[in-house]
Amino acid sequence: MMINVSNLKKNFDQLTVLESINFSVTKGEVVCLIGPSGSGKTTLLRCLNLLEKPDDGTIQIHQDQLSFSGAPLKTKELIRLRKYTGMVFQGFHLFPHKTVMENIIEAPLIVKKYTKKRLVEQGAQLLKKVGMLDHKDKYPDSLSGGQQQRAAIARALMMEPEVMLFDEPTSALDPQLVREVLKVIESLAKEGQTMIIVTHEMNFARRIADKVLFMDEGFIIEEGSAEQVLDHPNEPRTQAFLQLLDDE
Amino acid sequence: MFDWFYQIQWEYLYNPELAWQSVPLLMEGLKVTMIIALFSMFFALVLGLLIGVARMSKFWLFKLPAKFYISFMRGTPLLVFIFILYYGLPVIGIQFNSPIVAGIVGISLNFAAYNAEVIRSAIMSVPRGQWEAAQSLQMNYPQLMRRIIIPQATRIALPPTFNIFMDIVKGTSLASVITVHELLYSARIVAGRTYESMTMYITAALIYWSVCVVIGFFQQYLERRYNRYLNKQ
Ligand SMILES: Nc1ncnc2c1ncn2[C@@H]1O[C@H](COP(=O)(O)OP(=O)(O)OP(=O)(O)O)[C@@H](O)[C@H]1O
Ligand SMILES: [Mg+2]
């Protein structure tokens, strides 16, 4: 099992965002996470990346496990699981003072202390894969949103994570730029990269997802294949949500 | 009604000859001014960084003293503070061996508070996404500060930091009242001897101004360097 999350809880002060989250992901699986706005999708991904500290439950990733039910964990322990996941944000968050190449080699250079020569070679290959090699010496500010997001995907991949986490990777993009980013994600799926993707692109989810999770009010209400969840949902809340999307 | 205008004695407005003759003395003074300014700026930056970081800390034992320090230093006149150091401390048995040192200490401690505020607000103005992206790439706090946050904060902090530097250069003139032989003091000596106050103080003003113009060029150079990555269209 690549990921196993059980009974995960997260509150912000009085507000309970994740009530009790249970799911698992196998190696190479592509999971799409859907659900209404405010249902806690972003919070769940951030918990998996330990950008948020869960209040209870356990997260197991790649034979390593953290339990949040006992005494509060030290920061060092808390971020231990972080090395297994790579995060792609809605807003890209490339480092503006660094070129594309510098952006993607920065973390392995100073965290893993790999040699620059090796990283530049590896980086060039990766940039080629996401179609950004021509732009390797540009600063993020001079790139389109789609280009920035593809660079951000490469940046996360450079740390060679077991699991890639995508939080609505295309929802900040102009419609004509969405496709180029989705194509990159699909190519990763073909290579067997384990991924969890929060998305509102239902056709994309149909094409790519091995499993779809529908989240609402802090629970995973329904899970199954794309066909089951998106085309023949059992739960009334899933039906209502998909209906609403269709109406738009 | 315009009598006062006709009484102006224009011949005393500026005596270029005297100004020229006093250049060597004024340059001696300028040297001291620049020594005080550069040392003060250096210490004020280092101290300001520490206080600024303490001020941002969530831990009250760091945060509260830093807040108190900033509040006190910003709320008291530099001249009063210099008096406390140079005339007050000896009363309780602490003596500076030179007024220059007292000046540097006073100016550094005072302006450190302003630097702390500039540094704090610059660091806080780096978007949250930058911190989170760096964290998600497994950088620890020192790494993400040094490589991601501080370079971006520096760009934001440059203009206000240079304002502070110019304030420090001008603030060194306060050291003249504790007998530091800096630029203003030198000008005052000549003015007292020759009664050509107008000439001497205008000359001093022009020299302060020139120094600040040079600092301004340096600022422009650095800003251009740090803004390189911004797309100007
Ligand atoms: N740092 C925070 N502090 C307080 N409340 C928060 C915080 N982050 C999220 N929330 C709240 O938690 C709830 C879930 O937010 P979250 O961003 O996880 O939802 P989401 O499913 O990603 O929604 P969307 O589809 O709009 O992105 C929301 O009500 C939000 O206001
Ligand atoms: Mg979200």
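Residues numbered from 1 in each chain as written. Chains lettered and ligands numbered in written order. Predicted model: local features only at pLDDT ≥ 70, side-chain atom pairs only at ≥ 80, totals over all residues. Heavy atoms only, no water.

A separate point is the site of ligand 1. Residue and element names in this part refer to chain A. By nearness alone, 13 residues border ligand 1, and Ser37, Gly38, Lys41, Thr42 and Thr43 come closest of all. Thr43 has a polar side-chain atom sitting 2.5 Å from an oxygen atom of ligand 1. Within the side chain of Glu168, one N or O atom sits 3.3 Å away from an oxygen atom of ligand 1. Expressed as a share of its isolated accessible area of 640 Å², the protein-covered part of ligand 1 is 61%. Elements with a contribution of two residues or more to the shell around ligand 1: β2 (15-25) and α1 (41-48). A total of three residues in the shell around ligand 1 trace back to one element, the largest contributor, which is α1. When the residues that make up the shell around ligand 1 are grouped by side-chain class, the tally is four nonpolar, seven polar and two charged. (Near = heavy atom within 4 Å. Polar contact = N/O pair within 3.5 Å; in protein donor to acceptor, adjacent residues only side chain to side chain. Areas by Shrake-Rupley, 256 points an atom, 1.4 Å probe, with all protein chains shown as cover. Helix = DSSP H or I, 4+ residues; strand = E, 2+ residues; numbered from the N terminus. Nonpolar A, V, L, I, M, F, W, Y, C, P; charged D, E, K, R; others polar.)

What follows is about the packing of aromatic side chains. Tallied over the entire structure, the rule returns 14 aromatic pairs over all chains. Ring geometry for Phe39(B) versus Phe43(B): centroids 6.3 Å apart, planes at 25°, classification stacked. Of this pair, Phe39(B) and Phe43(B) are both found in helix α3 (residues 23-56), four residues apart, which corresponds to roughly one turn of the helix. Its relative accessible area of 44% is what places Phe39(B) among the partly exposed residues. With a centroid separation of 5.4 Å and 70° between ring planes, the pair formed by Phe83(B) and Tyr87(B) is classed as edge-to-face. With a gap of four residues between them, Phe83(B) and Tyr87(B) both fall in helix α5 (residues 78-88), about one helical turn apart. Overall, Phe83(B) belongs to the partly exposed group, its relative accessible area being 35%. A network of ring pairs unites the aromatic residues Trp4(B), Phe5(B), Tyr6(B) and Trp10(B) as a single cluster. Taking NZ or CZ as reference, Arg118(A) lies 4.0 Å from the ring centre of Tyr114(A), over its face. The ring of Phe95(A) has Arg155(A) lying over it, and the distance from NZ or CZ to the ring centre is 4.5 Å. (Phe/Tyr/Trp six-rings, centres within 6.5 Å; stacked < 30°, edge-to-face > 60°. Buried < 20%, exposed > 50% of the residue type's maximum accessible area, 1.4 Å probe, protein only. Lys NZ or Arg CZ within 6 Å of the ring centre and 35° of its normal.)

To continue, consider the pairing of strand β6 (residues 85-88) of chain A. All names here are of chain A. Side-chain alternation along β6 places Thr85 and Met87 on one buried face and Gly86 and Val88 on a second face that is also buried. Taken together, the four bridges between β6 and strand β7 (residues 163-167) define a ladder with parallel strand orientation. Opposite Met87, over in β7, you have Leu165 as the bridge partner. (Pairing = 2+ DSSP bridges.)

Time to look at empty space enclosed by the protein. Under the counting rule described, the total for this entry stands at one cavity of 30 Å³ or more. Space inside the largest cavity adds up to approximately 40 Å³. Lining the largest cavity, in full, are Gly86(A), Met87(A), Phe89(A), Ala152(A), Arg155(A), Ala156(A), Ala133(B), Ser136(B) and Leu137(B). Counting residues per element, the ones that place at least two in the lining of the largest cavity are β6 and α5 (145-157) of chain A together with α7 (128-136) of chain B. In terms of residue count, α5(A) provides more of the lining of the largest cavity than any other element does, three residues in total. (1 Å grid on protein atoms, 1.4 Å probe; cavity = no way out; pocket = protein on both sides within 12 Å on 5 of 7 lines; lining within 4 Å. Points joined across faces, edges and corners; volume = space filled by probe spheres on them.)

Residues and elements named next belong to chain A. Here we have six strands laid out as an open sheet, ordered β6-β7-β8-β3-β9-β10, and mixed in their pairing. Edge positions in the sheet fall to β6 and β10 (219-224), since each has one partner strand and no second. Put simply, the sheet's adjacent strands are angled 20° from each other on average, direction ignored. Bridge count between strand β9 (residues 211-216) and β10: five bridges; the pairing is antiparallel. The partner of Met215 across the bridge, within β10, is Ile220. Along the sheet, α5 contacts β6 and β7; its crossing angle with β6, the most-contacted strand, is approximately 170°. The sheet strands contacting helix α9 (residues 236-247) are β3 (30-34), β9 and β10, and the helix crosses β9 at an angle near 95°. (Axes fitted to C-alpha atoms, helices over the stretch in contact; angles between N-to-C directions. Contact = heavy atoms within 4.5 Å.)

Residue and element names in this part refer to chain A. Across the five residues of β7, five count as buried, placing the element largely inside the fold. Covered by surrounding structure in β7 are Val163, Leu165 and Asp167 together with Met164 and Phe166, the residues of both alternating faces. Pairing of β7 with strand β8 (residues 194-198), which is carried by five bridges, proceeds in the parallel orientation. What sits directly across from Val163, in β8, is Thr194. In the classification by handedness, the crossover that spans β7, the intervening helix α6 (residues 175-190) and the parallel β8 is right-handed. (Right-handed = clockwise from strand over helix to strand, strands pointing away.)

This part covers the pattern of salt bridges. For the structure shown, the criterion picks out 21 salt bridges over all chains. Salt-bridge contacts for Glu106(A) lead to Lys98(A); the nearest nitrogen and oxygen are separated by 3.5 Å. The same class applies to Glu106(A) and to Lys98(A), which are both buried. Arg150(A) is the salt-bridge partner of Glu180(A), the closest N and O atoms lying 2.9 Å from each other. Separated by 30 residues along the polypeptide, Glu180(A) in helix α6 and Arg150(A) in helix α5 bring together distant segments of the chain. Residue Glu180(A) is classed as partly exposed on the basis of its relative accessible area, which comes to 25%. Residues joined by salt bridges that share partners form a network here, namely Arg46(A), Glu52(A), Arg128(B) and Glu132(B). (Salt bridge = Lys/Arg side-chain N within 4 Å of Asp/Glu carboxyl O.)

Turning our attention to the packing of α3(B) against helix α4 (residues 60-75) of chain B. Residues and elements named next belong to chain B. As a packed pair, α3 and α4 sit with axes 7 Å apart at the nearest point and diverge in direction by 125°. Taken together, the axes of α3 and α4 are oblique relative to one another. Crossing geometry of α3 relative to α4 is assigned as left-handed. Residue-level inspection shows Leu47, Ile51, Ala54 and Arg55 of α3 in contact with α4, the latter providing Phe62, Lys63, Ala66, Lys67, Tyr69 and Ile70. A class-by-class count of the residues in the contact of α3 with α4 yields seven nonpolar, no polar and three charged. (Parallel < 35°, antiparallel > 145°, perpendicular 65-115°, else oblique. Left-handed = near helix turned anticlockwise from the far one by under 90°.)

It is common to report an interface's size as the accessible area lost on association of the parts. Contacts between chain B and chain A engage 20 residues on the former and 25 residues on the latter. Here chain B and chain A share an interface that buries about 2200 Å² over both sides, 60% of which is from carbon and sulfur atoms. Remark: the boundary between chain B and chain A carries six residue pairs in polar contact (both at pLDDT 80 or more). Looking at the side of chain B that touches chain A, the element that brings in the most residues is α7(B), giving eight residues. (Buried area = accessible area lost by both parts, 1.4 Å probe.)

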